[in-house]
Amino acid sequence: MIRYLIQKEFLQIRRNAFLPKLIILFPIMIMCVMPWVMQMEVKNIVVDVVDIDRTVDSQRLVQQIAASNYFIFGGQKATFADAMRDVEKGRADVIFEIRDGRYLIAANAVNGTKGSMGSAYLSQIVTSQQPSRNSQYSVLNLYNKGQNYKLYMIPALLAIVMMLMTGFLPTLNIVGEKESGTIEQINVTPVSKWSFILAKLIPYWIIALFVITVCLLLAWLVYGLTPAGPVWLIYVLAMLLALFFSSFGLVVSNYSETMQQAMFVMWFFVVSIMLLSGLFTPTRSMPDWAYLTTYINPMHYFIDAIRTVFIRGGGLLQVAHQLLALLTIGTFMAVWAVKSYKKNN
């Protein structure tokens, strides 16, 4: 019986004019475009330099600033007031003044991120030029030695693709059948709840396997990035995350009557889960009450585990805690999906 239900789901997906294109093109667009734009590095910071000393050392420092990939050199100004006029007119973001062997960094705080990061970059350049004689140090990067930001973002993009493909599609599937009335034909049959739910979940688990494969191939072909850890473990993590999101999508659809209602509810929870997972910012920087939500956030466990496997080369023992948490949360959500489905015989 369940085989025919799964076959029905694939027939519905194939006959839909939009879904097959979305399943193929969405991961391709995400992997080929987003790694270039989703990065926390701030570049193109316009800096004006006011060099009063005009010494050999100060000019060497100015040349290093001009050669930096993070800055756009706005030129040397005669006075601080001239540079300030550029800031007030929006033509400069940071002012760097050298006077009597001392340095002044003044940043435009209208764009706080650009100003603070520009000040930090300038401070690093000054520190590298004049290291303390008593505090020589060096930095050794154990993982991602080239500091390639794309390697850091690929696991995050896998999470986003899985969340959208296996979360929204089952939700819209069920609600769409409710609105069209076809689900009533299933309700009057002797098909059990478990059979019906599994028939709805399994196709999207297969889609998840396909999407992960496409993403890993694109990461290798386009960026030359491959997982440092076992590939099979990435598939296991992806399937556990797919179990949660597909089950969660069915729960939302069971309580929703229209597609618009389901979309609003899914969007609210998905955005909250994503922003509180540590996907873009470290979870330890959150307030204590917000950090507590990470204990029940499956996306947090997935992000932590996938970066451990993909970047650090961790194995099963290193991510056992995250695997257990994902399995527990996903199983709970699957049971809830079955219990909340109202079938009238």
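Remember, predicted model here, so these are calculated numbers, not experimental data. (Residues numbered from 1 in each chain as written. Predicted model: local features only at pLDDT ≥ 70, side-chain atom pairs only at ≥ 80, totals over all residues. Heavy atoms only, no water.)

J.: Let's hear about the overall build of the protein: which residues, and what values?
T.: Counting its secondary structure elements, the protein contains 13 helices and four strands. Against the globule reference of 20 Å for 345 residues, the protein gives a C-alpha radius of gyration of 26 Å, more extended than a compact globule. Looking at the protein as a whole, 46% of its 345 residues are labelled buried. Total accessible area on the protein is roughly 18,300 Å²; 63% of this is exposed by carbon and sulfur atoms. In the protein, which carries 27 positive and 18 negative side-chain charges, the distance between the mean positions of the two groups comes to 12 Å. (Helix = DSSP H or I, 4+ residues; strand = E, 2+ residues; numbered from the N terminus. Rg over C-alpha atoms; globule rule 2.2 N^0.38 Å. Buried < 20%, exposed > 50% of the residue type's maximum accessible area, 1.4 Å probe, protein only. Areas by Shrake-Rupley, 256 points an atom, 1.4 Å probe, with all protein chains shown as cover. Lys, Arg positive; Asp, Glu negative; His and termini not counted. Charge placed at Lys NZ, Arg CZ, Asp CG, Glu CD.)

J.: Residue-level account of the sheet that holds strand S1 (residues 45-51), with values.
T.: Taken in spatial order, the four strands make up an open sheet running S2-S1-S3-S4, and their pairing is mixed. Only two strands of the sheet have a single neighbouring strand rather than two, namely strand S2 (71-76) and strand S4 (102-107). The mean inter-strand angle of the sheet, taken between neighbouring strand axes irrespective of direction, is 20°. Helix H5 (residues 112-129) rests against S1, S2, strand S3 (94-99) and S4 of the sheet, and its axis sits at about 165° to S4. (Pairing = 2+ DSSP bridges. Axes fitted to C-alpha atoms, helices over the stretch in contact; angles between N-to-C directions. Contact = heavy atoms within 4.5 Å.)

J.: Lay out helix H9 (residues 231-255) with the relevant residues and their values.
T.: With 25 residues, H9 should cover 36 Å at 1.5 Å per step; its first-to-last C-alpha distance of 37 Å lies within 8% of that length. When you tally the buried positions in H9, you get 19 out of 25 residues, the bulk of the element. (Expected span 1.5 Å × (residues − 1).)

J.: An account of helix H4 (residues 80-88) is requested, with residue identities and associated values reported.
T.: Regarding H4, the residues found buried are Ala-83, Asp-86 and Val-87. Considered in projection along H4, the buried side chains sweep an arc of 100° and stay on one side of the axis. In the core, the buried residues of H4 are packed alongside S1 and S3. Just downstream of H4, Gly-90 is the residue with a positive phi angle, here 80°. (Arc of directions from axis to C-beta.)

J.: Give me the lowdown on the pairing of S1, citing residues and values where you can.
T.: Most of S1 sits inside the fold, with seven of its seven residues counted as buried. When S1 meets S2, the two strands line up parallel, connected through four bridges. By the bridge assignment for S2, Val-49 is matched with Gln-76. For the handedness criterion, the β-α-β arrangement of S1, helix H3 (residues 56-67) and S2 is classed as right-handed. Note: S1 against S3, five bridges, orientation parallel. Counted as the bridge partner of Val-47 is Val-94 from S3. (Right-handed = clockwise from strand over helix to strand, strands pointing away.)

J.: Can you lay out the packing of aromatic side chains for me, pointing to particular residues and giving the numbers?
T.: All told, the structure shown has 11 aromatic pairs when counted by the stated rule. Ring centres of Phe-168 and Trp-267 lie 6.5 Å apart, and the angle between their planes is 50°; on these two criteria the pair is classed as tilted. Of this pair, Phe-168 sits in helix H6 (residues 149-180) while Trp-267 sits in helix H10 (residues 259-275), and the two are 99 residues apart along the sequence. Look at Phe-168 and you get buried, because its relative accessible area is 9%. The rings of Phe-244, Phe-245, Phe-248, Phe-268 and Phe-269 are connected pair by pair, giving a single aromatic cluster. (Phe/Tyr/Trp six-rings, centres within 6.5 Å; stacked < 30°, edge-to-face > 60°.)

J.: So what's going on with unusual backbone geometry? Which residues, and what values?
T.: Peptide bonds are, in most cases, trans, and in most cases residues other than glycine have a negative phi. One non-glycine residue, Asn-44, adopts positive backbone phi at about 60°. When you line up the elements, Asn-44 lands in the loop between helix H2 (19-37) and S1. If you check the backbone angles, Arg-54 has positive phi at about 55° while not being a glycine. Within the secondary structure, Arg-54 sits in the loop between S1 and H3. Overall, the relative accessible area of 53% leaves Arg-54 in the exposed class.

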